[in-house]
Amino acid sequence: MRLSRYLLPTSKDNPAEAQIASHRLMLRAGLIRQEAAGIYAWLPLGLRVLRKVEAIVRDELHRAGAVELLMPTLQLADLWRESGRYDAYGPEMLRIRDRHERELLYGPTNEEMIHEIFRSTVRSYRDLPMNLFQVQWKFRDEQRPRFGVLRGREFLMKDGYSFDLDEAGARKSYQQMFVAYLRMFRRMGITAIPMRAETGPIGGDLSHEFIVLAETGESAVYVDRDMLSLDVPGDDIDYRGDLDAWVDAWSVPYAATEDVHEAARFEREVPPERRVRTRGIEVGQIFYYGAKYATPMRVLVTGADGIERPIHGGCYGVGVSRLLGAIIEAGHDERGIVWPDAVAPFQVGLVNLQQGDEQVDLACEALYKELQRAGIDVLYDDRDERAGGKFATMDLIGLPWQLVVGPRDLKQGMVELKRRATGERETLLIDTALAKLLKDAHRASI
Ligand code: 5CA
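Residues numbered from 1 in each chain as written. Predicted model: local features only at pLDDT ≥ 70, side-chain atom pairs only at ≥ 80, totals over all residues. Heavy atoms only, no water.

Some points on the sheet that holds strand β19 (residues 348-352)
So, point 1. The mixed open sheet is built from five strands, whose spatial order is β20-β19-β21-β22-β23. The open sheet has two edge strands, β20 (378-381) and β23 (425-429), and neither has a second partner. Strand-to-strand twist in this sheet, taken as the mean axis angle between neighbours without regard to direction, amounts to 25°.
So, point 2. With five bridges joining them, strand β22 (residues 414-419) and β23 adopt antiparallel strand pairing. Within β23, the position partnered with M414 by the bridge is L429. (Pairing = 2+ DSSP bridges. Helix = DSSP H or I, 4+ residues; strand = E, 2+ residues; numbered from the N terminus. Axes fitted to C-alpha atoms, helices over the stretch in contact; angles between N-to-C directions.)

This is the structure:
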């Protein structure tokens, strides 16, 4: 991509309305634009990251055996009357009427609709277990939308739903999602810690929130420091095998949000030097809710014994758009964003220090083509701008590598390669720099 043809409205000034780093940086780096309170347009650079996060979520869920579908954002009120939630949901639900005066709503979540789909398509125990998910926009008319995408009104969620014949099956499905979440967040370059949670309006008796530690998070959390260095399963994980060991490793050490925190237990179980008291951002939540929806909505399957029973369900949410905020809270410095490689909008920023200089332009064009041919996403800053401005833009948007081409080094056949995260710079022969980027791209893709 050529920056001269791109839409990247960056800004030096801190937007007055943004109170925390991720919100400020998402606006300043031209990732999003606020169109109304809690409602954002995704500009090209932000959209690239959103799509990368989404792709990791999808990939890990497929690996765990879940199947993707897509439901509409608008739902009939009558469907929600079946579960009794239409009246219970309150002012967070955006209610709409169409030209025929039919009552609709913009979905804040999809338990009712997925149960309705399942009810009309699946009848037999032979089709179970089944785990269906979508990545779709949601609307919740939050009283206080704030912190940019961290608490929006319109936001992108991955919502998944499992269907099992009995409680044992449902707990297994819950474990599969628990483990898939460990892997997906680690792949995004962040640590999200599962913490026991209240179930709230979704219902049920078992739930975990996955929380990224950040001072700016909305809830206070209490964690055993040992949780920060736990391993996650490799990609050879067998989701159909026994997952107890992984689930135990990640749920036995102390980790709790303020809602369920027990101070006495924390002090009894965790030695003082390992007690972490901080705040956190909830990037996902999983629930086992049994027959809470299946019973009122009559979602029944016939078992091997010929008897019809309500299915046992669970649901599994990931805040896809919120994750961008959480990833930035966890990765930035005073100059801007520092993207983890796996979700960076481009891997390399190619900086032409002397646009219009024939030799420099030629070298940049050749590098640009070469990187693209190797399948590396590269953003080429080919604008006619001062070097200082170009460097500041690159640092602000946080691409993992900057490849800088200027007339002086080029006379010796050299370019400069800078790693954004460490600030480390090396002056290298063009081919050496290219080889290093190719090797890094290869490492990142395995
Ligand atoms: N039906 C279940 C999951 S299938 C559900 O709705 N769960 S939830 O309420 O916990 O939401 C799932 C995830 O969406 C949350 O963990 C959070 O990361 C994200 N989320 C919730 N509300 C917002 C919001 N207002 N802005 C951005 N992300 C949000």
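Some remarks on the site of the ligand
So, point 1. Residues in contact with the ligand amount to 23 residues; listed here are only the nearest, T109, E111, R140, G152 and E282.
So, point 2. One nitrogen or oxygen atom from the side chain of E142 is found 2.9 Å from a nitrogen atom belonging to the ligand.
So, point 3. Within the side chain of E282, one N or O atom sits 2.4 Å away from an oxygen atom of the ligand.
So, point 4. When the ligand is considered free in solution it has 610 Å² of accessible area, and contact with the protein chains removes 96% of it.
So, point 5. Going through the elements one at a time, β8 (154-164), β13 (275-290) and β16 (312-319) are the ones with two or more residues in the shell around the ligand.
So, point 6. Examining the composition of the shell around the ligand, we find that five residues originate from one element, β13, more than from any other.
So, point 7. For the shell around the ligand, the residue count by class is nine nonpolar, seven polar and seven charged. (Near = heavy atom within 4 Å. Polar contact = N/O pair within 3.5 Å; in protein donor to acceptor, adjacent residues only side chain to side chain. Areas by Shrake-Rupley, 256 points an atom, 1.4 Å probe, with all protein chains shown as cover. Nonpolar A, V, L, I, M, F, W, Y, C, P; charged D, E, K, R; others polar.)

Structural notes on the nonpolar core
So, point 1. Core analysis: the biggest nonpolar cluster contains 83 residues, and V53, M184, F185, M188, F210, V283 and W339 have the highest contact counts within it.
So, point 2. Composition of this core by domain shows at least three residues from each of domain 1 (3-337) and domain 2 (346-445).
So, point 3. Look past the residues within four positions of V283 in its chain and what remains in contact with it is F185, A192, F210, V212, G317, V318, G319, L323 and A326.
So, point 4. Counting residues in hydrophobic clusters, the runner-up holds 25 residues, among them L128, F287, V299 and I311. (Core = buried A, V, L, I, M, F, W, Y, C linked by side-chain atoms within 4.5 Å. Buried < 20%, exposed > 50% of the residue type's maximum accessible area, 1.4 Å probe, protein only. Domains from an automatic or database assignment. Contact = heavy atoms within 4.5 Å.)

Observations concerning the packing of helix α1 (residues 21-28) against helix α10 (residues 320-330)
So, point 1. Where α1 meets α10, the axes come as close as 8 Å, and the angle between the chain directions of the two elements is 105°. Judged by the inter-axis angle, α1 sits roughly perpendicular to α10. Residues A21, S22, L25 and M26 of α1 form the contact with α10, whose own contacting residues are L324, G325, I328 and E329.
So, point 2. Partitioned by chemical class, the residues of the contact of α1 with α10 number five nonpolar, two polar and one charged. (Parallel < 35°, antiparallel > 145°, perpendicular 65-115°, else oblique.)

A closer look at the domain arrangement of the chain
So, point 1. Split into domains, the chain comes out as domain 1 (3-337) and domain 2 (346-445).
So, point 2. Its C-alpha centre places domain 1 at a distance of 37 Å from the equivalent point of domain 2.
So, point 3. Each partner contributes residues to the interface: domain 1 has 16 residues there, and domain 2 has 15 residues.
So, point 4. Around 1,400 Å² of area is buried between domain 1 and domain 2 when both sides are counted, 56% of it from carbon and sulfur atoms.
So, point 5. At the junction of domain 1 and domain 2, the tally comes to four salt bridges.
So, point 6. The partner of D377 in a salt bridge is K52, with the nearest N and O atoms 3.3 Å apart.
So, point 7. Broken down by secondary-structure element, the contributors of at least two residues to the side of domain 1 that touches domain 2 are α1, α2 (44-63) and β18 (336-337).
So, point 8. A class-by-class count of the residues in the side of domain 1 that touches domain 2 yields seven nonpolar, four polar and five charged. (Buried area = accessible area lost by both parts, 1.4 Å probe. Salt bridge = Lys/Arg side-chain N within 4 Å of Asp/Glu carboxyl O.)

Remarks on the pattern of salt bridges
So, point 1. This structure, assessed with the given rule, holds 44 salt bridges.
So, point 2. Here E60 and R63 are joined by a salt bridge, their closest N and O atoms 3.2 Å apart. Placement of both E60 and R63 in helix α2 is noted, with a separation of three residues, approximately one turn of the helix.
So, point 3. What makes R63 partly exposed here is its relative accessible area of 32%.
So, point 4. In this structure, E111 and R85 form a salt bridge, with 2.8 Å as the shortest nitrogen-oxygen distance. Placement of the pair is E111 in helix α5 (residues 111-121) and R85 in helix α4 (residues 85-88), with a sequence separation of 26 residues. Of the two residues, E111 and R85, neither departs from the other in class, the shared state being buried.
So, point 5. In this structure, a network of salt bridges that share partners links the residues D333, E334, R335, D395, K418 and R420.

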